[in-house]
Amino acid sequence: MMKNYLVRICLLLTACTLLLTACGTEGSKLPDLSTLGKVVAIAREEGSGTRAEFDTMLSTNQAAADAVAASTIDVLQQVGQKKNAIGYLAHSTQPQELAAVKVLKVNGIEPDINNISSGKYALRRSYYLAYNGELNPLQEDFLQYVFCAGQKLVAKKSIAVGAPTTFLSSRVSGKLVIKGSSSAAPLVKELAQEYMQLNPRAQVSVVVTDSSSGLTSAIRRECDFAISSRELKSYEKELLTSKAFARDAIVLIVNRQNPINNLSTKQIKALYETCNEWKSLN
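Residues numbered from 1 in each chain as written. Predicted model: local features only at pLDDT ≥ 70, side-chain atom pairs only at ≥ 80, totals over all residues. Heavy atoms only, no water.

**Structural notes on the nonpolar core**
Keep this limit in mind: What makes a nonpolar core is a set of buried Ala, Val, Leu, Ile, Met, Phe, Trp, Tyr and Cys residues whose side-chain atoms join them at distances within 4.5 Å. Buried means the residue's accessible area, taken with a 1.4 Å probe over protein chains only, is under 20% of the maximum for its type, while exposed means over 50%, and partly exposed covers the values in between. Secondary structure is summarised from DSSP: a helix means a run of H or I of at least four residues, a strand means a run of E of at least two, and numbering begins at the N terminus for each. In what follows, a contact means two residues having at least one pair of non-hydrogen atoms within 4.5 Å.
In terms of nonpolar packing, the biggest core is built from 42 residues, with Ile86, Leu252, Leu263, Leu271 and Trp278 touching the most fellow members. Of all elements in the fold, only strand S1 (40-44), helix H2 (49-58), strand S2 (67-69), helix H3 (72-81), strand S3 (85-90), strand S11 (241-255) and helix H10 (265-273) reach the threshold of two or more residues within this core. Setting aside residues no more than four positions away along its own chain, Ile86 makes contact with Val39, Val40, Ala41, Ile42, Val79, Leu252, Ile253, Val254, Leu263, Leu271, Tyr272 and Trp278. One finds Tyr131, Val146, Ile178 and Val206 within the second-largest nonpolar core, a separate group that totals 29 residues.

Quick look at the structure:
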């Protein structure tokens, strides 16, 4: 009788421990936020693939956003200048650009390569190259590079979609114009530079806009490839062919003076929809 009683007590204590651990991961007690005052939630501009994916992942419309940033650099500048600001951007943003801000854990999970690859980190997405119609020889050569030797470079900056393989360029001459996402454009610029070293007869220019503008340009045949940091919409899929060339994630950033290190997805959603002051998160 006593043995059964002790077993039940042990099981109850174990269950309580697991419950407390889970709660701590989802939304642990935050530090004192009273000195931060009002929330300055910074959203990306309409047309941004990062904004579209953020809305989809968190089921939000960012109704309480206080400011709009026109690019990744703009987000970094605004958050770096305001101690009460929060923003979001691509995980592939270079470390030196993050000097004035702090990257947060989400649901207690660090946004590193291993956690993004394994699916532990919640805010994951892909980068796409999209094109209209049949590929000409130069377009085909560049795309083949991206998915062969180019994956080695992708793996240094983000997460590769496949293992790098040998690439022999056909060395066809011509010009390529690529337009789109400010989040993925830095990676595509590096891919373009490496491709031109392998094929000196090609000229590849990358124009930074946003995902929607890039896709519209591809539909209108104003560029050879569009860069998108969001999944294509149904009508875009009907008009364009798209291929994911890298995987990445969206990370949350705050000013280095902000004492927060971790937020749950529910708390992030609240900051962009209902919270007026930081202390209301507690």
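What follows continues from the structure just given.
**Considering the packing of aromatic side chains**
Operational definition: Note on ring pairs: Phe, Tyr and Trp rings are taken, using the six-membered ring of Trp, and paired if centres are within 6.5 Å. Classes follow the plane angle, with under 30 degrees stacked, over 60 edge-to-face and the rest tilted.
Throughout the structure, instances matching the rule amount to eleven aromatic pairs. Residues Phe142 and Tyr195 carry aromatic rings whose centres are separated by 5.3 Å and whose planes lie at 85° to one another, so their mutual orientation is edge-to-face. Here the residue Phe142 occupies a position in helix H5 (residues 137-147), and Tyr195 occupies one in helix H7 (residues 185-198), the gap between them amounting to 53 residues. With a relative accessible area of 1%, Phe142 lands in the buried category. Plain terms: the ring middles of Tyr145 and Tyr195 are 5.7 Å apart, the flat faces sit at 45° to each other, and that makes the pair tilted. Separated by 50 residues along the polypeptide, Tyr145 in helix H5 and Tyr195 in helix H7 bring together distant segments of the chain. Side by side, Tyr145 and Tyr195 carry an identical accessibility label, which is buried. Here the aromatic residues Tyr131, Phe142, Tyr145, Phe167, Tyr195 and Phe225 are joined through ring pairs into a cluster of three or more.

**Side note on the packing of helix H6 (residues 150-157) against H7**
Test applied: Lines fitted to the C-alpha atoms define the axes, with helices restricted to the stretch that makes contact. Angles between their N-to-C directions range from 0 to 180 degrees. For any helix crossing, the convention is left-handed if the near helix is rotated counterclockwise from the far helix by under a right angle, and right-handed if that rotation is clockwise. Each residue receives one of three labels: charged for Asp, Glu, Lys and Arg, nonpolar for Ala, Val, Leu, Ile, Met, Phe, Trp, Tyr, Cys and Pro, and polar for the others, Gly being one of them.
Running from N to C, H6 and H7 point in directions that differ by 145°, and their axes come no closer than 10 Å. Judged by the twist between their axes, the crossing of H6 over H7 is right-handed. Along the contact surface, H6 presents Gly150, Leu153, Val154 and Lys157, while H7 presents Leu187, Glu190, Leu191 and Glu194. Split by residue class, the contact of H6 with H7 holds four nonpolar, one polar and three charged.

**Let's talk about the confidence of the model for the protein chain**
Atom-level detail of predicted coordinates should not be read off regions where pLDDT is low. What counts, and what does not: Every residue is assigned a pLDDT by the predictor, reflecting its confidence on a scale from 0 to 100.
Per-residue confidence for the protein chain gives a mean pLDDT of 89, with 90% of residues at or over 70. Across residues 9-27, where pLDDT falls below 50, the model places eleven contacts with residues more than four positions away in sequence or in other chains.

**Re the pattern of salt bridges**
Operational definition: For salt bridges, the criterion is a side-chain nitrogen of Lys or Arg within 4 Å of an Asp or Glu carboxyl oxygen.
One pass over the structure, following the stated rule, counts seven salt bridges. The salt bridge involving Arg44 is made with Glu45; its shortest N-O contact spans 2.9 Å. Take Arg44 and Glu45: they sit in the same class, and that class is buried. For the salt bridge of Glu190 with Lys157, the shortest nitrogen-to-oxygen distance reads 3.4 Å. Here Glu190, found in helix H7, pairs with Lys157, found in helix H6; they are 33 residues apart in sequence, far enough to count as distant.

**Some points on the pairing of strand S9 (residues 202-208)**
Applied cut-off: Pairing between strands requires that DSSP locate at least two bridges from one strand to the other. Seen with its strands pointing away from the viewer, a crossover is right-handed if its path from the first strand over the helix to the second goes clockwise.
As paired strands, strand S8 (residues 174-180) and S9 are joined by seven bridges and run parallel to one another. Of the residues in S9, the one forming a bridge with Lys175 is Gln203. Taken together, S8, H7 and S9 constitute a β-α-β crossover, and its handedness is right-handed.

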